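Secondary and tertiary structure notes
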Protein chains: 2
Amino acid sequence: MSPDSPIGVFDSGIGGLTVLKEIKARLPHENIIYFGDTARVPYGIKSGETVTRFSREISEYLVGQGVKMLVVACNTASSVALPTLRDNYPLPVIGVLMPGAYAAARATKSERVGVIGTEGTVNSGAYARLIRNIRSGTMVFAHACPLFVPLVEEGRLSGPITRLAAEEYLAPLMLEDIDTLVLGCTHYPLLKETIAGVMGPEVELIDSAFETAREVERVLDKLDMLNKSGAPGNTRYAVSDAPERFKRIGERFLGYEVPEVEKVEL
Amino acid sequence: MSPDSPIGVFDSGIGGLTVLKEIKARLPHENIIYFGDTARVPYGIKSGETVTRFSREISEYLVGQGVKMLVVACNTASSVALPTLRDNYPLPVIGVLMPGAYAAARATKSERVGVIGTEGTVNSGAYARLIRNIRSGTMVFAHACPLFVPLVEEGRLSGPITRLAAEEYLAPLMLEDIDTLVLGCTHYPLLKETIAGVMGPEVELIDSAFETAREVERVLDKLDMLNKSGAPGNTRYAVSDAPERFKRIGERFLGYEVPEVEKVEL
């Protein structure tokens with residue numbers, strides 16, 4: 001393992017590409033392997049035990065590819081599987097929750113924070129625990145938005161159905177008078193405009209993808225493991241199923257072409 | 001294997017319960033084992049190869065439980081995995097497509113039939129092939145409705161979001177002037193009222209769950225394998241993950257209590 005080794009980034013499917021995009025933008029010299037578990041996507045409705053098992057299988061694969069760091073670019077997996085992964089691999093393991101939780105705790109003035117995510121993330125209560133650990137007086141209101149992921153995957157980033165769903169899901173959080181809202185699912189940054197339109201300009205949106213990329217840089221720098229070759233980094237994409245669908249929808253997430261996608265059976 | 005042996009019914013998750021319900025209503029003396037692959041749900045966005053592999057693993061389990069028949073209560077799996085299952089098990093294997101296709105071919109007067117389903121089912125083109133094999137002059141128009149499954153699973157069987165989604169998805173089929181519409185996904189019978197409201201009374205809706213139960217009876221009767229004990233049949237439920245969620249949402253599908261759900265790792 002050396003600074004030239006790739007960073008391993010994984011998600012249940014496509015959503016983690018929002019995190020990949022931020023890492024690539026911030027650290028253009030890093031080599032990266034992205035794995036999307038498209039044979040078993042989504043994780044948000046599955047048990048912690050099962051999601052932890054899936055996350056271990058993927059990490060096994062990425063560690064076998066010689067990665068220097070694991071980035072769990074999936075809120076559901078981050079909320080349940082991090083301790084197991086940290087116990088099993090002698091590598092830095094970065095999840096998407098902690099960076100988002102820190103940013104929210106820093107941002108809130110009223111100490112009233114909202115969190116939106118999948119059923120799995122919301123039911124785990126992980127964000128509320130983390131935010132209150134950082135800033136103990138904070139009230140955290142979490143709400144699951146099950147339609148947001150299929151809406152994004154269908155490319156409905158705006159329009160009447162998406163707007164209506166956002167209004168319904170966000171109404172209880174508006175009533176709680178929050179001043180900060182964590183986008184607690186990697187798909188949600190794509191709905192940022194619609195969500196901001198409903199919440200209004202007084203509510204700050206926390207994009208965990210952006211915050212996670214910052215954390216990746218901070219940790220690699222501290223360990224003196226940043227790739228300083230100066231050459232443009234190389235990104236490899238692997239999925240457990242349906243590479244063409246990943247490529248097609250993934251390009252919408254990244255805003256640029258996904259060159260080649262390898263299918264890997266775990 | 002005897003007439004007392006159970007019928008094995010499986011689906012990617014919860015949707016197949018609409019088929020189970022119809023089988024139980026029609027054949028109350030049958031013993032049944034229902035398996036929902038909730039660790040890997042949904043199948044609709046996954047490749048034929050992967051869905052076939054999953055279907056074989058489940059069939060292996062059900063055959064190990066001594067079932068006398070396999071009912072593939074999932075449109076996606078029925079559209080890709082039936083030949084493999086029929087080749088591998090010396091049992092009658094019933095899918096949900098053929099019964100729905102026959103009913104549609106019988107029902108249409110204008111020979112213009114619509115089909116709605118998941119991406120996987122629609123992309124397979126299986127319904128169109130089957131319907132045209134039965135009634136060759138028929139025009140078949142298929143359209144994927146990716147939001148319908150999450151809408152049903154969230155319990156949004158009616159209301160403005162569901163209505164709006166139905167209007168959008170069904171508009172191209174209305175333009176084709178169909179007189180028959182196949183509900184080509186096991187979740188969709190729960191949206192029957194909303195779909196009928198959009199399509200109007202001139203369009204006949206084909207419920208594959210109902211048609212499949214008829215086919216199960218016909219085949220068992222022909223093989224002299226109907227359970228004639230006269231005692232009420234017993235139903236067992238098994239899933240690959242999250243039994244509580246299955247129980248909670250499953251009761252909405254069945255309209256009655258799901259007693260106990262076993263978790264089985266495949």
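Notes on the structure in this doc start here. (Residues numbered from 1 in each chain as written. Chains lettered and ligands numbered in written order. Predicted model: local features only at pLDDT ≥ 70, side-chain atom pairs only at ≥ 80, totals over all residues. Heavy atoms only, no water.)

1. Concerning unusual backbone geometry
Omega for the bond connecting A:V41 with A:P42 falls within 30 degrees of zero, at -5 degrees, which places this linkage in the cis form. By secondary structure assignment, the location of A:P42 is in the loop between β2 (32-36) and α2 (48-64). Unlike most non-glycine residues, A:E111 shows phi in positive territory, near 60 degrees. Mapped onto the fold, A:E111 is located in the loop between α4 (97-107) and β5 (112-117). Positive phi, close to 60 degrees, is recorded for B:D177, a residue that is not glycine. (Helix = DSSP H or I, 4+ residues; strand = E, 2+ residues; numbered from the N terminus.)

2. Focus on helix α9 (residues 192-199) of chain A
Residue and element names in this part refer to chain A. Turning to α9, its buried residues are T194, I195, V198 and M199. For α9, the angular spread of buried residues about the axis comes to 125 degrees, placing them on one side. Tucked inside the fold, the buried residues of α9 contact β5, α7 (148-153), α8 (160-175), β7 (180-183) and β8 (204-207). Just beyond α9, the residue with positive phi is G200, at close to 85 degrees. (Buried < 20%, exposed > 50% of the residue type's maximum accessible area, 1.4 Å probe, protein only. Arc of directions from axis to C-beta. Contact = heavy atoms within 4.5 Å.)

3. Some points on the pairing of strand β8 (residues 204-207) of chain B
Relative to β8(B), strand β7 (residues 180-183) of chain B is paired through four bridges, and the arrangement is parallel. Within the sheet, the bridge partner assigned to B:L181 lies in β8(B) and is B:L205. (Pairing = 2+ DSSP bridges.)

4. Brief notes about the sheet that holds strand β1 (residues 7-11) of chain A
Residue and element names in this part refer to chain A. Spatial strand order, β4-β3-β1-β2-β9-β10: six strands in an open sheet with parallel pairing. Each edge of the sheet is formed by a strand with only one pairing partner; in this case those strands are β4 (93-95) and β10 (261-263). Within the sheet, the average angular offset between the axes of one strand and its neighbour, ignoring direction, is 20 degrees. On the sheet, α2 packs against β1, β2, β3 (69-72), β9 (235-239) and β10 and is oriented at approximately 155 degrees with respect to β1. (Axes fitted to C-alpha atoms, helices over the stretch in contact; angles between N-to-C directions.)

5. Side note on the packing of α4(A) against helix α10 (residues 208-222) of chain A
Residues and elements named next belong to chain A. Two elements in contact, α4 and α10, have axes separated by 8 Å at closest approach and are oriented at 105 degrees. Accordingly, the angle class assigned to the pair α4 and α10 is roughly perpendicular. For the pair α4 and α10, the contacting residues are P99, G100, A103 and R106 in the first and S208, E211, T212, R214 and E215 in the second. In terms of residue class, the contact of α4 with α10 is made up of two nonpolar, three polar and four charged. (Parallel < 35°, antiparallel > 145°, perpendicular 65-115°, else oblique. Nonpolar A, V, L, I, M, F, W, Y, C, P; charged D, E, K, R; others polar.)

6. Quick word on the sheet that holds strand β4 (residues 93-95) of chain B
Picture the strands of a sheet paired through backbone hydrogen bonds; they go either parallel or antiparallel. Residue and element names in this part refer to chain B. In spatial order, the strands read β4-β3-β1-β2-β9-β10; together these six strands make up an open sheet with parallel pairing. The open sheet is flanked by β4 and β10 (261-263), the only strands paired with a single partner. Sheet twist, expressed as the mean angle between neighbouring strand axes with direction ignored, is 20 degrees. Pairing between strand β1 (residues 7-11) and strand β2 (residues 32-36): five bridges, direction parallel. Within β2, the position partnered with D11 by the bridge is G36. Packed on one face of the sheet, helix α2 (residues 48-64) meets β1, β2, β3 (69-72), β9 (235-239) and β10 and runs near 155 degrees to β1.

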